[in-house]
Amino acid sequence: MTRKLQYSQSSVEAARYYVRLKTHNSNSLFELEKSSTQAPLPHSLAKIVADELRQVETNYKGITLDQWILEPDSLHALVSLKSTHTKQTDQSRKPAMLSAFVAGLKAATAKRINLIRNEPGSPVWQRSYKEQRIEDDRMLFRLRKKLDDSTRALCSS
């Protein structure tokens, strides 16, 4: 969905995307640790990804995370991109701001994860990622529900 908000002489365009990153070879890096006395606890590698995601709006101007979930072998996120240009971009290409965000997130998390695993330079994420432009509020609602349902399923297992 694209929204245009008017500010003085320029317009700000916001585009939303559903983004999915898979771990290298679909490895289950982010399993929940089971505890006999408590609900499942996030694994330390998952905490690294969560920490980096909490810093997105500080580290990446023009990007906002709406909602995200970390599964054992993947990250799913709803991302909003804001830009101050008025030109229509080529819809068939991935937005540069989104690609830069994903590349930065992958690099930062991989570096920290590999320090913990003592495996410098080892792949953590698959090379590419999947993104889908969110065209309208109905689609956004459906994707939010999907992430909520996934969260409940992970916490109950």
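Figured I'd write up the structure that's included with this text. (Residues numbered from 1 in each chain as written. Predicted model: local features only at pLDDT ≥ 70, side-chain atom pairs only at ≥ 80, totals over all residues. Heavy atoms only, no water.)

## Describing the side chain of S150
Right, so step 1: Examined against the element boundaries, S150 turns out to sit in helix 4 (residues 137-156).
Right, so step 2: Judged by its relative accessible area of 19%, S150 is buried.
Right, so step 3: When near neighbours in sequence (up to four residues on either side) are disregarded, S150 contacts I69 and E71. (Helix = DSSP H or I, 4+ residues; strand = E, 2+ residues; numbered from the N terminus. Buried < 20%, exposed > 50% of the residue type's maximum accessible area, 1.4 Å probe, protein only. Contact = heavy atoms within 4.5 Å.)

## Side note on the nonpolar core
Right, so step 1: Ranked by size, the top nonpolar core spans 28 residues in total, and within it F30, V79 and F101 carry the most contacts.
Right, so step 2: Listed by contribution, the elements that provide at least two residues to this core are strand 2 (10-22), helix 1 (44-54), strand 3 (63-71), strand 4 (74-83) and helix 3 (96-117).
Right, so step 3: In this structure, V79 is in contact with A15, R16, Y17, V19, I63, T64, L65, L98 and F101, ignoring residues within four places of it in sequence.
Right, so step 4: In this structure, L78, I134, M139 and L147 belong to the second largest nonpolar core, which totals eight residues. (Core = buried A, V, L, I, M, F, W, Y, C linked by side-chain atoms within 4.5 Å.)

## A word on helix 3
Right, so step 1: Spanning 22 residues, helix 3 covers 31 Å between terminal C-alpha atoms, matching the ideal 32 Å at 1.5 Å per step.
Right, so step 2: The complete set of buried residues in helix 3 reads L98, F101, V102, L105, K106, T109, A110, I113 and N114.
Right, so step 3: Looking one or two residues beyond helix 3, the residue adopting positive phi is N118, at roughly 55 degrees. (Expected span 1.5 Å × (residues − 1).)

## Concerning the pattern of salt bridges
Right, so step 1: If you walk through the whole model with that rule in mind, you get six salt bridges.
Right, so step 2: Among the ionic pairs, D73 bridges to K22, the shortest N-O distance being 3.0 Å. In this pair, D73 is assigned in the loop between strand 3 and strand 4 and K22 in strand 2, connecting sequence segments 51 residues apart.
Right, so step 3: Linking R144 and D66 is a salt bridge whose minimum nitrogen-to-oxygen distance equals 2.4 Å. Residue R144 is found in helix 4, and its partner D66 is found in strand 3; the two are separated by 78 residues along the sequence. (Salt bridge = Lys/Arg side-chain N within 4 Å of Asp/Glu carboxyl O.)

## Some points on the packing of aromatic side chains
Right, so step 1: Counted under the stated rule, the structure contains two aromatic pairs.
Right, so step 2: Between F30 and W125, the aromatic rings sit 5.7 Å apart at their centres with planes inclined by 35 degrees, giving tilted as the arrangement. With a gap of 95 residues between them, F30 in the loop between strand 2 and helix 1 and W125 in the loop between helix 3 and strand 5 (130-134) connect regions that are remote in the sequence. Across the pair, W125 and F30 agree in class, each one buried.
Right, so step 3: Judged by centre distance (5.4 Å) and plane angle (85 degrees), the ring pair of Y60 and F101 falls under edge-to-face. (Phe/Tyr/Trp six-rings, centres within 6.5 Å; stacked < 30°, edge-to-face > 60°.)

## Notes on helix 1
Right, so step 1: Within helix 1 the residues assigned to the buried category are L45, A46, I48, V49, A50, E52 and L53.
Right, so step 2: Its buried side turned inward, helix 1 meets helix 2 (56-59), strand 3, strand 4 and helix 3.

## Digging into the environment of E131
Right, so step 1: Relative to the elements of secondary structure, E131 occurs in strand 5.
Right, so step 2: Sequence-wise, E131 and S99 are 32 residues apart; in three dimensions their C-alpha atoms are separated by 9.8 Å.
Right, so step 3: Discounting residues that sit within four places of it in the chain, E131 has contacts with Y17, Y18, V19, K94 and L98.

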